[in-house]
Structures are given as structure tokens and as C-alpha cells.
Amino acid sequence: MKYNGTPPPNRPVLIAGPTASGKSALALRIARAQSRIIVNADALQVYDGWRVLTARPSPDETALAPHALYGHVPFEADYSVGHWLRDITPLLPENPVIVGGTGLYFRALTEGLAEIPPIPPEIRAEADAMPIAALLADLDRHDATLAHRIDRQNRARIQRGWEVWRATGRPLSLWQADTPPPLLPIHNATPLLLDTERDWLNTRIEQRFDQMLAEGALDEARANLPRWPEAGGARKAIGAPELIAHLKGTLSLADARAAAITASRQYAKRQRTWFRSNMGNWTHISLP
């Protein structure tokens with residue numbers, strides 16, 4: 001980790017970066033040096049049941065500094081960026097180190113979040129059943145502004161735009177235009193982005209997944225197998241579907257490992273693309 005700066009102690013520190021880039025190590029170093037609390041900004045690390053598979057801080061690490069918003073959401077629940085903003089609000093006066101790989105969390109925190117009504121389950125089910133091409137076609141017709149600025153390979157964002165239009169009759173881009181002021185404007189924080197080299201990161205991703213297997217990720221999946229059919233957002237944990245498939249006998253462990261590593265690398269690619277497009281005003285820390 002090449003960052004040797006000392007963040008001002010009177011403002012929160014934001015640390016973003018792709019999976020396996022070393023965000024948590026930097027957060028812990030700053031938190032220990034400045035007696036801060038570490039707050040999670042990763043949408044997968046909020047769920048219980050996946051401590052190893054989502055690389056949540058270990059018990060040894062949490063003993064070195066206080067941590068918040070890790071593993072606090074039930075496995076069967078869904079959790080939105082709005083939930084996260086409500087949970088982090090009382091922690092902001094402590095000038096925490098906020099660390100994670102979910103760019104939308106950071107954007108909502110520093111730019112504000114539109115108050116969009118909840119999506120009815122029947123509309124979400126309708127969207128789940130539609131191919132991405134059909135969702136995009138509707139979005140092009142009914143919310144061209146959003147359709148032209150989002151990643152057109154990212155089903156989650158495409159589906160979100162479609163669901164908001166379908167449920168409210170109003171384009172998501174218009175909801176976003178009415179966004180209230182942010183909880184933490186970027187100029188009131190120290191924003192750090194870990195900017196990684198692709199091959200270096202791909203190697204780390206493979207090494208880390210093997211480390212997860214060695215530390216009990218498969219046992220963790222086995223423990224979660226009975227409640228997997230009821231999984232909410234925890235279903236999206238990278239590597240979870242592959243390990244569950246192995247336990248159900250439809251994938252060998254070698255194939256599950258390879259598929260999980262591929263999924264993690266694809267996820268990191270999407271993260272890096274999003275960060276480059278949305279975090280130009282952050283302090284970039286080049287790795288390795």
C-alpha cells in the first residue's frame with residue numbers, strides 16, 4: 001500500500017476500490033492511527049452468514065478497531081442504499097473511515113439519494129422474468145436519459161430503471177434530478193480511491209478465493225444451504241451460487257472455484273469501470 005498520507009482527523013475518510021484491492025487493510029491502518037471507527041460501504045458484506053465468502057474483517061481485525069454495519073442484515077432480507085444511508089447517519093459525527101466497493105453507496109452519501117417509492121413485489125417479479133434486451137428496449141423508450149448514461153451490460157441498474165418507471169410512471173432520471181442535499185458532501189471528506197492494475201488485481205482475486213476456501217468458505221456455504229432458497233440480497237454474494245451448486249452436486253469443486261474466480265474478476269471489472277466514470281474528483285492511489 002503506497003498511500004502514506006495523514007487524513008485530517010476532523011473529517012470522515014472514504015476508501016473505495018475494487019474487490020481484493022486492499023481497502024480493508026488501509027482502513028484499519030488509518031483507524032488505528034487516528035482512533036476511528038470503520039464503517040462498511042460494501043453491499044455484500046452487510047449480510048450475516050457470509051463472513052468468509054465476502055471477506056468481512058476477521059475477529060482479529062475487529063479487535064484492533066471498532067467496526068460497524070458488517071453482517072447486521074438478516075440472510076433472508078433485502079437491503080437498499082436507502083437502508084444504508086439511514087444506518088450510517090448516526091455514525092457520521094464520529095468522523096469514521098468508510099470503506100467498501102459499492103460505488104452507489106458512496107454516490108448516495110456524497111451526492112444525495114432520490115426518495116423513490118418502494119417497488120411492489122409483483123413488478124419486481126415481472127422484471128426478473130424479462131430478458132435484459134426487453135428491459136433495455138422499454139428503458140430506451142421511456143427513460144432515454146438514464147438508458148444512455150448507464151452501463152448497458154449491468155442488468156441490476158437496467159432493471160432498477162425499468163422497475164421505477166413501471167411502478168411510478170415516472171422515469172428514474174427525473175426522480176434523480178429531484179435528489180435532496182447529500183449527508184456528506186465530498187468536500188467535507190477525504191476521498192481515496194484505490195486504482196489497480198488489472199493483471200495484478202486478477203492474481204490477487206484468485207489467491208484470495210483460494211484463501212477463502214482454506215479458511216472455510218465451503219463450510220460456510222454448507223451451513224447456509226438449508227436457508228438458501230429464502231436468501232434475499234445475500235444470494236448475490238460473489239461465489240455463493242457456485243459453491244451452493246457444488247454442494248447440490250451440479251458442479252465439481254474445481255469448476256465451482258473457476259466459475260467463482262471468473263465472476264469475481266468480472267465484478268471487479270465493473271467496479272473499476274464505474275469508479276473511473278464517477279470518481280474523477282477522488283484522490284487516486286495507484287496499485288501495486
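Quick caveat: nothing in here was measured; it's all calculated off a predicted structure. (Residues numbered from 1 in each chain as written. Predicted model: local features only at pLDDT ≥ 70, side-chain atom pairs only at ≥ 80, totals over all residues. Heavy atoms only, no water.)

S.K.: Give me the packing of helix α10 (residues 198-214) against helix α13 (residues 253-278): which residues, what numbers.
M.R.: Any two packed helices are characterised by the angle at which their axes cross and by the distance between the axes. Look at α10 against α13: their axes get within 10 Å of each other, and the N-to-C directions meet at 135°. Put simply, α10 runs oblique to α13. Our pair here, α10 against α13, has a crossing hand that is right-handed. Of the residues in α13, those touching α10 at Arg-198, Leu-201, Asn-202, Ile-205, Glu-206, Phe-209, Asp-210 and Leu-213 are Arg-257, Ala-260, Ile-261, Ser-264, Arg-265, Ala-268 and Arg-272. A per-class count over the contact of α10 with α13 returns seven nonpolar, two polar and six charged. (Axes fitted to C-alpha atoms, helices over the stretch in contact; angles between N-to-C directions. Helix = DSSP H or I, 4+ residues; strand = E, 2+ residues; numbered from the N terminus. Parallel < 35°, antiparallel > 145°, perpendicular 65-115°, else oblique. Left-handed = near helix turned anticlockwise from the far one by under 90°. Contact = heavy atoms within 4.5 Å. Nonpolar A, V, L, I, M, F, W, Y, C, P; charged D, E, K, R; others polar.)

S.K.: Give a description of the nonpolar core that names residues and reports values.
M.R.: Grouped together as the largest cluster of nonpolar side chains are 51 residues, with contacts concentrated most on Trp-50, Leu-53, Trp-84, Ile-98 and Leu-109. If you list the elements that add at least two residues to this core, you get β1 (13-16), α3 (81-88), α4 (103-111), α10, α11 (217-224), α12 (240-247) and α13. Broken down by element, the residue count for this core peaks at six residues, all from α13. With residues up to four places along the chain from it excluded, the contact list for Leu-109 reads Leu-14, Trp-84, Leu-85, Ile-88, Leu-92, Ile-98, Pro-182, Leu-183 and Leu-184. Listed in part, the 18 residues of the second largest apolar core include Ala-114, Ile-123, Ala-147 and Ile-158. (Core = buried A, V, L, I, M, F, W, Y, C linked by side-chain atoms within 4.5 Å. Buried < 20%, exposed > 50% of the residue type's maximum accessible area, 1.4 Å probe, protein only.)

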